[in-house]
Every structure is written in C-alpha cells, then in structure tokens.
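The primary structure of each chain is shown beneath.
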Amino acid sequence: MTTTAVTHIASLVTNDPSLGNGTPLGLIQDAAVVIEGDRIVWTGESSKAPATDNVLDAAGRAVVPGFVDSHSHLVFAGDRTQEFNARMSGQPYRAGGIRTTVAATRAATDEELSANVARYLAEALRQGTTTFETKSGYGLTVEDEARALRIAGRHTDEVTYLGAHIVSPDYADDPAGYVDLVTGPMLEACAPHARWIDVFCEQGAFDGDQARAILTAGLAKGLQPRIHANQLSYGPGVQLAVELGAASADHCTHLTDADVDALGQGSTVATLLPGAEFSTRATWPDARRLLDAGATVALSTDCNPGSSFTSSMPFCVALAVRDMGMTPDEAIWSATAGGAAALRRTDIGRITPGARADLVLLDAPSHVHLAYRPGVPLVSAVWRGGQRVV
C-alpha cells in the first residue's frame, strides 16, 4: 500500500488528549498526518514526519477529523416547503407534519429514494461529513419500512429502524395495534437490515410505556436502542434511554435536573440537534448544563425534510457555539468524537494511529473558524477511508 503524508498543518485536531497540547482535542501545531491504505499510521510534528510515497502540503491550514453525523432521516420523498413557510409565519411545529412525508415516500420508487439519499450524502460529504447514521420512519408499513432500511444500507452501515416515528395514519384510531405491528411483523421484517432501533417518545407520537415496549422488543432482536427524547416537552425519554443503556438520547431540549444528572452519570450520549431548533424557532438545548454535569455530548444535523433540512455539520457547530453555550473546542469535539461515541465507534472521530483515515482540510488556520466564519464554505478537501473524495 502507498503512503501519503499531509504536512505543514497549522493546527491538527486529533481528539487524543495524550497528544499535542493535552486538551481533549489533542491539538498539534505545525503537524503532519501519514495515511497508509484506509488508516492513519502516524501523527506528529511536521518536521518529524517519516518519508512517504506521496506528500500533500497543507500550507498552514487546519485539519480536523471527518464529521460524524449520528442522526439523520434521509430516506424520504417529497417537500415540506409550505409547512416551513407556515411555521416561519407563526404556526408552531408539531410532530404530525411527518404524515405529509409518509404519503410522498410511500408513492416513491426505490430508485427515487436511493437517488435522494445519494444526493444528500454527496451534499454532506462536500461539507466534511464522512460517517452518517440514517433512519427509516417515513413508510410506516411493514414493506415500506423494510425497503427504507434496505435502501439506507446501500449507503451506510449505521442504519436505524424507526417504525415508531409516529403512529401510522392507517392506525390513527388504534395506536395500540400499531405498537403491536412495530414490535411484531414490522420488527421481524426490519431487524435483519438495521443495527439500531429508535422511537419518537413525545406527545403526539409515543408515550413512555409504548417506547419501552418498542425498544425492549428491538433489544430482544439484537438491535441497539437510541431514542428521540424530550424534544418538544418534558417527558420520560431521557430516563428511559439511560435505564435501557441506549447509545444516545437525541434532542434533549427540555430536561429536568434528574434528566441531566442521569445523562451525566450514565453512558448514554446526549445528541443535540441545533438545526431543529433553528428551523422551528424552538428553545435551544442547554449544552453547557449537560457538559458541566459530565455528560458526553454529540452534535448532529437531524437532516430531514420537516424540522431540520440541513446537511451541514459546520452550520451545526456554529449554532452550538453561538446559541447553546459550547466553546469552539467543545463543539468540534462533539461533531466528531461525540458523534462517534453516539454510534459506539472507536475507529472514527479522531486522527490517531489505527483510526480510519477520515480527514477534513479547512481553508482556515484553525478549527475555530468553523464558528468564527459561519456559513462560509471552509472545507477544501476530504479524505474518507484514506481516499480523497473532495
């Protein structure tokens, strides 16, 4: 295998506190990275870099790990521009808007759905996202949920079964019957195509008892839990996530002190999705409160056609710094290593020997510019698995 060195990096974010300046980011100044195959094999000061087959001069620009987007909803069809316009004109966001996308998704072909996923992934890749999770949840029938997962699996290994997004319109008068479907025939059809199971635990979606039944059934089938928790109101989602050992509790907007303590003391990652608050004019999650309690925090886009139609992790980093109480260092860690933790992955989200060679070269001397220059396309090159893809 050939080796490639990226040299003269002004500031390298390794996410290894044993390196560089000893902070959680493990910043190395005037650094170099050596790639062999699909792995990182060396990091350190540029002047000490070993000889390699190829050399790319970063010319005083920063390098960060590829972004890890651990929460998205990309298998969908249709458009909800009218809903967004109405919301920006004063109407509140409610979970029921999902039904509009369900109808369009059911009517779409496999080819149309797969092309949409590819389109949004290419968009995200240009902005530095090298790993992403995506969910079903816009089919809500046995066949439509299973095909959504099959389509998602063509594009990523991080696939989540979300038959419990909302109660299917077909079961509007029988929510208990829909829970039986989600935990029975739908789960049987979907489990072979997913790694994770998720549920929208919220008023207008599924209550705590229903969420517990759904996640427990998924665990019995070998699927690991994650949960949409406490987005629109206070509720049982976070406590249920911690109790069941879920990898992540996502949204975490409305938290009691007990919720914060549980996340601070448990292993469940609090995944914050600032694009949703931006796009719904909702209350911002208090990242500072979670971080001060010792919780592990991830940032993700929640890319979906209704409440957060953005694929930009840099945008979410800027929002987290501006409106959620995070420092630039905390935000970049949460968008990389935090996302990896939410997916229970140790091979991504860092730039250290043995990690997958996912790197983003910024047209800036520091990662701080991601928040300092919001909206500016700073990503100038991307490597995923050792291959330059942007």
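These remarks concern the structure in this document. What you are looking at is a predicted structure, and each value in this text was computed from that prediction instead of being measured.

About the thresholds
- Residues numbered from 1 in each chain as written.
- Predicted model: local features only at pLDDT ≥ 70, side-chain atom pairs only at ≥ 80, totals over all residues.
- Heavy atoms only, no water.
- Helix = DSSP H or I, 4+ residues; strand = E, 2+ residues; numbered from the N terminus.
- Rg over C-alpha atoms; globule rule 2.2 N^0.38 Å.
- Contact = heavy atoms within 4.5 Å.
- 1 Å grid on protein atoms, 1.4 Å probe; cavity = no way out; pocket = protein on both sides within 12 Å on 5 of 7 lines; lining within 4 Å.
- Points joined across faces, edges and corners; volume = space filled by probe spheres on them.
- Nonpolar A, V, L, I, M, F, W, Y, C, P; charged D, E, K, R; others polar.
- Axes fitted to C-alpha atoms, helices over the stretch in contact; angles between N-to-C directions.
- Parallel < 35°, antiparallel > 145°, perpendicular 65-115°, else oblique.
- Left-handed = near helix turned anticlockwise from the far one by under 90°.
- Buried < 20%, exposed > 50% of the residue type's maximum accessible area, 1.4 Å probe, protein only.
- Phe/Tyr/Trp six-rings, centres within 6.5 Å; stacked < 30°, edge-to-face > 60°.
- Lys NZ or Arg CZ within 6 Å of the ring centre and 35° of its normal.
- Pairing = 2+ DSSP bridges.
- Salt bridge = Lys/Arg side-chain N within 4 Å of Asp/Glu carboxyl O.
- Lys, Arg positive; Asp, Glu negative; His and termini not counted.
- Polar contact = N/O pair within 3.5 Å; in protein donor to acceptor, adjacent residues only side chain to side chain.

Turning our attention to the overall build of the chain. A tally of helices and strands in the chain yields 14 helices and 17 strands. At 21 Å, the chain has a C-alpha radius of gyration in line with the 21 Å of a compact globule built from 390 residues. The principal-axis extents of the C-alpha atoms in the chain amount to approximately 70 × 45 × 45 Å. For the chain, long-range pairs separated by at least 24 residues make up 70% of all intrachain contacts whose partners lie at least 6 apart in sequence.

Looking now at empty space enclosed by the protein. The tally for this structure, following the rule as stated, stands at 2 cavities of 30 Å³ or more. Considering only enclosed or pocket space, the second largest cavity measures out at about 50 Å³ in volume. Forming the walls of the second largest cavity are Asp 69, Ser 72, Leu 74, Tyr 120, Leu 121, Ala 124, Thr 129, Phe 132, Thr 301, Cys 303 and Ser 311. Every element with two or more residues in the lining of the second largest cavity is listed here: α3 (110-126) and β7 (129-135). The class makeup of the residues in the lining of the second largest cavity is 6 nonpolar, 4 polar and 1 charged.

This part covers the packing of helix α12 (residues 313-323) against helix α13 (residues 328-342). As a packed pair, α12 and α13 sit with axes 9 Å apart at the nearest point and diverge in direction by 140°. Relative to α13, α12 is oriented oblique. Once α12 is placed against α13, the crossing between them reads as right-handed. Where α12 approaches α13, its residues Met 313, Val 317, Ala 320 and Val 321 are matched on the opposing element by Pro 328, Ala 331 and Ala 335. Across the contact of α12 with α13, the residue classes tally to 7 nonpolar, no polar and no charged.

The next subject is helix α5 (residues 175-183). For α5, the full list of buried residues reads Gly 177, Tyr 178, Val 179, Leu 181 and Val 182. The elements touched by buried residues of α5 are α4 (142-153), β8 (158-164), α6 (185-190) and α7 (208-220).

Now for the packing of aromatic side chains. Under the defined criterion, the tally for this structure stands at 7 aromatic pairs. With a centroid separation of 5.5 Å and an interplanar angle of 55°, the aromatic rings of Tyr 171 and Tyr 178 are classed as tilted. A relative accessible area of 26% means that Tyr 171 is categorised as partly exposed. Within the aromatic cluster, the residues linked to one another by ring pairs are Phe 76, Tyr 120, Tyr 138 and Phe 309. Above the ring of Trp 196, the side-chain terminus of Arg 226 is found at 4.3 Å from the ring centroid.

Residues Leu 359 and Leu 361 point to one face of strand β15 (residues 359-362) and Val 360 and Leu 362 to the other, with burial holding for every one of them. Bridge count for strand β5 (residues 62-65) against β15 is 3 bridges, and the pairing is antiparallel. Considered in β15, the bridge of Val 63 is made with Leu 361. Summarising the sheet, β15 and strand β16 (residues 379-384) pair through 4 bridges and their orientation is antiparallel.

Moving on to the pairing of strand β3 (residues 39-45). Sheet topology places strand β2 (residues 28-36) next to β3; 6 bridges connect them, and they run antiparallel. Across the sheet, residue Glu 36 finds its bridge partner in β3, namely Arg 39. Hairpin connection, β2 to β3: the antiparallel pair is bridged by 2 residues, and Gly 37 has positive phi, about 65°.

Attention shifts here to the pattern of salt bridges. As enumerated under the stated definition, the model contains 20 salt bridges in all. A salt bridge links Arg 106 to Asp 170, with the nearest nitrogen and oxygen atoms 3.0 Å apart. With Arg 106 in helix α2 (residues 98-107) and Asp 170 in the loop between β8 and α5, this residue pair connects regions lying 64 residues apart in the sequence. Judged by its relative accessible area of 49%, Asp 170 is partly exposed.

Let us look at the layout of surface pockets. Estimated volume of the largest pocket: approximately 290 Å³. Lining the largest pocket are 15 residues, and of these Thr 130, Phe 132, His 155, Thr 156 and Arg 384 lie nearest its centre. Residue assignment for the lining of the largest pocket shows that the elements contributing at least two residues are α3 and β7. The class makeup of the residues in the lining of the largest pocket is 5 nonpolar, 5 polar and 5 charged.

On to the side chain of Glu 145, then. Within the element layout of this structure, Glu 145 appears in helix α4. Despite its burial, Glu 145 remains without a salt bridge, the nearest opposite charge being carried by Arg 106 at 7.6 Å. In this structure the side chain of Glu 145 is engaged in a polar contact, spanning 3.0 Å, whose partner is the backbone nitrogen of Gly 139. A polar side-chain atom of Glu 145 sits 3.3 Å from the main-chain amide nitrogen of Gly 163.

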